[in-house]
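The residues making up each chain are set out below.
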Amino acid sequence: MAEQLSPDEKFHLITRNLQEVLGEDKLKQVLQERELKVYWGTATTGKPHVAYFVPMSKIADFLKAGCEVTILFADLHAFLDNMKAPWELLELRVQYYEQVIKAMLESIGVPLDKLKFVKGTDFQLSREYTLDVYRLSSMVTEHDAKKAGAEVVKQVEHPLLSGLLYPGLQALDEEYLKVDAQFGGVDQRKIFTLAEKYLPSLGYAKRSHLMNPMVPGLTGAKMSSSEEESKIDLLDKKEDVKKKLKKAFCEPGNIQNNGVLSFVKHVLFPLCGDFCIKRDAKWGGDRVYTVFEEVEKDFAEEVVHPGDLKASVEVALNKLLDPIRRKFESPELRKLTNSAYPDPSKTKTGKGAKAGGGGGAGGEDDELVPSRLDIRVGKIVSVEKHPDADSLYLEKIDVGEAEPRTVVSGLVAYLSQEDLQDRAVLLLCNLKPQKMRGIESQAMLLCASVDGEPRRVEPLDPPEGSSPGERVFVEGYEAGKPDDKLNPKKKVWEKLQIDLKVSQECVAQWRDKQLMTKLGHITCKTLKGGNIS
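Right, let's walk through the structure included here. Bear in mind the structure is a predicted one, so any value in this text is a computation, not a measurement.

**Focus: the overall build of the protein chain**
When helices and strands are counted, the protein chain shows 16 helices and 23 strands. If you line up the protein chain on its principal axes, its C-alpha atoms span 90 × 65 × 40 Å. Put simply, of all contacts in the protein chain between residues at least 6 apart along the chain, 69% involve residues at least 24 apart. Per element, the accessible surface of the protein chain, about 25400 Å² overall, is 48% carbon and sulfur. Separation between the mean location of the 77 positive side-chain charges and that of the 83 negative ones in the protein chain comes to 3 Å.

**Some thoughts on the side chain of S503**
For S503, the position within the fold is in the loop between strand 19 (500-502) and strand 20 (508-510). A polar side-chain atom of S503 sits 3.1 Å from the main-chain amide nitrogen of E505. With near-sequence residues (within four places) excluded, S503 lies in contact with Q509, K528 and G529.

**Digging into the pairing of strand 10 (residues 389-398)**
When strand 9 (residues 375-386) meets strand 10, the two strands line up antiparallel, connected through seven bridges. Residue pairing across strands places K385 opposite Y393, the latter belonging to strand 10. Both strand 10 and strand 11 (residues 405-409) contribute to a ladder of five bridges, which runs antiparallel. Along strand 11, the bridge assignment pairs K396 with T406. What sits between strand 10 and strand 11 in their antiparallel hairpin is a turn of six residues, with G400 showing a positive phi close to 80°.

**As for the pattern of salt bridges**
Following the criterion strictly, the structure yields 27 salt bridges and no others. The closest approach of N and O atoms between K10 and E35, which form a salt bridge, is 3.0 Å. Placement of the pair is K10 in helix 1 (residues 7-15) and E35 in the loop between helix 2 (24-33) and strand 2 (37-43), with a sequence separation of 25 residues. Given a relative accessible area of 9%, K10 falls into the buried group. Salt bridges here are not isolated pairs; linked through shared partners, they connect D374, R376, E401 and R405.

**Digging into helix 2**
The periodicity of an α-helix, 3.6 residues per turn, causes residues three or four positions apart to be oriented the same way. Taken together, the buried positions of helix 2 are L27, V30 and L31. For helix 2, the angular spread of the buried residues around the axis is 100°, confining them to a single face. Exposed positions of helix 2 whose direction lies more than 90 degrees from the buried face are D25, Q32 and E33. Packing partners of the buried residues in helix 2 comprise helix 1, strand 1 (20-22), strand 5 (181-185) and strand 6 (208-212).

**Digging into the sheet that holds strand 4 (residues 115-119)**
Each strand in a sheet pairs with its neighbour through backbone hydrogen bonds, running either in the same direction (parallel) or in the opposite one (antiparallel). With respect to topology, six strands assemble into an open sheet ordered 1-6-5-2-3-4, the strand pairing being mixed. Pairing within the sheet leaves two strands with one partner each, and these edge strands are strand 1 and strand 4. Put simply, the sheet's adjacent strands are angled 25° from each other on average, direction ignored. Where strand 2 and strand 5 come together, three bridges link them in parallel fashion. When the sheet's bridge partners are listed, Y39 is paired in strand 5 with Q182.

**So, the nonpolar core**
Considering soluble globular proteins, one finds that nonpolar side chains tend to be buried as a cluster. F53, I59, L210 and L309 are the most contacted members of the largest nonpolar core, which has 73 residues in total. Ignoring any residue separated from it by four or fewer positions in sequence, one finds F53 in contact with M104, S107, I108, L234, V267, L271, L320, L321 and I324. By size, the runner-up hydrophobic cluster in this structure holds 31 residues, among which are A74, V152, Y166 and Y198.

**Some points on empty space enclosed by the protein**
Counted according to the given criterion, the structure contains three cavities of 30 Å³ or more. One number sums up the size of the largest cavity: a volume of about 80 Å³. As for the largest cavity, its lining consists of P370, S371, L373, I375, R471, V472, F473, V474, Y477, L500 and L515. Broken down by element, the lining of the largest cavity gets its largest block of residues, four residues, from strand 18 (residues 471-474). Class assignment for the residues of the lining of the largest cavity results in nine nonpolar, one polar and one charged.

**Structural notes on the layout of surface pockets**
Counted as a void, the second largest pocket has a volume near 630 Å³. As for the second largest pocket, its lining consists of 29 residues, of which L431, Q434, M436, M444 and W493 are closest to the centre. Looking at the lining of the second largest pocket, the elements that each hand over two or more residues are strand 11, strand 13 (434-436), strand 15 (444-445), strand 16 (447-450) and helix 16 (492-497). Of the residues belonging to the lining of the second largest pocket, the class tally is 17 nonpolar, eight polar and four charged.

**Considerations on unusual backbone geometry**
Here the amide bond leading from E453 into P454 is cis, since omega sits at 0°, within 30 degrees of zero. In the Ramachandran plot, N17 falls in the positive-phi region, its phi being about 65° despite a non-glycine side chain. Tracing the backbone shows N17 in the loop between helix 1 and strand 1. A positive phi angle is found at R437, which is not glycine, with a value near 55°. Mapped onto the elements, R437 comes out in the loop between strand 13 and strand 14 (439-441).

**Notes on the packing of aromatic side chains**
Each aromatic ring pair is described using two quantities: the centre-to-centre distance and the angle formed by the ring planes. Scanning the entire structure with this criterion turns up ten aromatic pairs. Relative to F117, the ring of F73 has its centre 5.9 Å away and its plane inclined at 5°; by these criteria the two rings are stacked. Pair noted here: F73 is in strand 3 (residues 68-74) and F117 is in strand 4, with a separation of 44 residues, a long-range link. When the centroid spacing of 5.1 Å and the interplanar angle of 75° are considered together, the rings of Y96 and Y341 count as edge-to-face. Separated by 245 residues along the polypeptide, Y96 in helix 5 (residues 90-107) and Y341 in the loop between helix 14 (331-340) and strand 9 bring together distant segments of the chain. An aromatic cluster of at least three residues, connected via ring pairs, comprises W40, Y52 and Y97. It is K28 that lies over the ring of F11; its NZ or CZ is 4.9 Å from the centre. In this arrangement the basic side chain of K102 is found over the ring face of F117, its NZ or CZ atom lying 4.9 Å from the centre.

Cut-offs and rules
- Residues numbered from 1 in each chain as written.
- Predicted model: local features only at pLDDT ≥ 70, side-chain atom pairs only at ≥ 80, totals over all residues.
- Heavy atoms only, no water.
- Helix = DSSP H or I, 4+ residues; strand = E, 2+ residues; numbered from the N terminus.
- Contact = heavy atoms within 4.5 Å.
- Areas by Shrake-Rupley, 256 points an atom, 1.4 Å probe, with all protein chains shown as cover.
- Lys, Arg positive; Asp, Glu negative; His and termini not counted.
- Charge placed at Lys NZ, Arg CZ, Asp CG, Glu CD.
- Polar contact = N/O pair within 3.5 Å; in protein donor to acceptor, adjacent residues only side chain to side chain.
- Pairing = 2+ DSSP bridges.
- Salt bridge = Lys/Arg side-chain N within 4 Å of Asp/Glu carboxyl O.
- Buried < 20%, exposed > 50% of the residue type's maximum accessible area, 1.4 Å probe, protein only.
- Arc of directions from axis to C-beta.
- Axes fitted to C-alpha atoms, helices over the stretch in contact; angles between N-to-C directions.
- Core = buried A, V, L, I, M, F, W, Y, C linked by side-chain atoms within 4.5 Å.
- 1 Å grid on protein atoms, 1.4 Å probe; cavity = no way out; pocket = protein on both sides within 12 Å on 5 of 7 lines; lining within 4 Å.
- Points joined across faces, edges and corners; volume = space filled by probe spheres on them.
- Nonpolar A, V, L, I, M, F, W, Y, C, P; charged D, E, K, R; others polar.
- Phe/Tyr/Trp six-rings, centres within 6.5 Å; stacked < 30°, edge-to-face > 60°.
- Lys NZ or Arg CZ within 6 Å of the ring centre and 35° of its normal.

Next up, the structure:
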């Protein structure tokens, strides 16, 4: 088909339904000479959801127009964005994204042989790319970097330096992928303008930028992987699709921030060419629309009821999702899904627990998950013998609070005071304070141990560069919130502690999943296969 299209027809196909295009003249010039090279990148963070059909439909347009299309799985970006994807999960997330995006493209009839798939770390760790990152960092101001990532990089109270690097890397990708244009959502506009401003300073060409509109989520805001109620997963069961659509914001006659109506406009019409409203004969019967504006007009005038709109979207959406669901029924892809996205720690609220879970004493049905433990990095600021017990140390340990915590530990037989002074350690901070020979211990210093003659004990070590107060989590359970205080009657710590071990590589684990901070693994020096307590 592309061979039969004129440059103007190709340009129309490439730019239709976009919200904005930067560098139109450059696009037209390239199309007069050859086929356009364009890339779309996606950070491999949360599970792709149905809004991903919006860029997929544009990728279909690009291919029809004869473009050479590259899809970038931006694994390094996923890590840099406030560590949304832990380093150990990056490869699994890339594999999941590749499989699910290929399934999406197949479900809408896009030929995969026309696409090129690239993983970010395949080229972003090269010497040349790294040197360009340094060169760029010597030109881009903190203000420009922060501004560029404001709508894309997760905004937190204490942002990491990695978030400032993110926009520059995305700009450099244009050069290293050798494309004419980058395609993305309009939320990336500031990153695109940063690329246009700074790439020429490195001696590289300024690229064109193609921007899709942002599709509102089911709650009316941006559809987001991190907000469960705002999006429909590609692997959601039909009953879950029905339930989420039923709860979706879709006020009669209101066409503003209407996620259901927007999905019809930006996904169903581009992919299907028409849309059928299914309704009872007494309300006018089924009607097929061939132009979105007619659907919008009838909904605004309340000719189309929200219930009928939702039910009709449900039918159309399930047709798109069925082939994807079938593909992911295979044991291999089920295993991949579970490995790339381990069940998040969602503490169930029982009787007496605080709303939202995770806080308070918890109820009888609370899940036994490691995120309930408040484990933090600490620094021992002083250590002395307990005045009333020769086998105990009395330590003051900084855990990032206003005052150091007092901790009593039975380490006299295993470590000298010099070994402990100023040492970075791990503390379990939400045990009930307990008096030990007359002095209240406000936390537990976590150690690895191996029984035998003699018994050997070593404190666990946080990654180098860790700061007091940094949270320690088990991979796959980083989203959970610790209990305010562990209820001693429920034996939560005792039950979880059974599965805490040291691997043969001296890495601390819970059920074979690594204990980590944002900087890396928790380790011990020598006690392979040891217990942790």
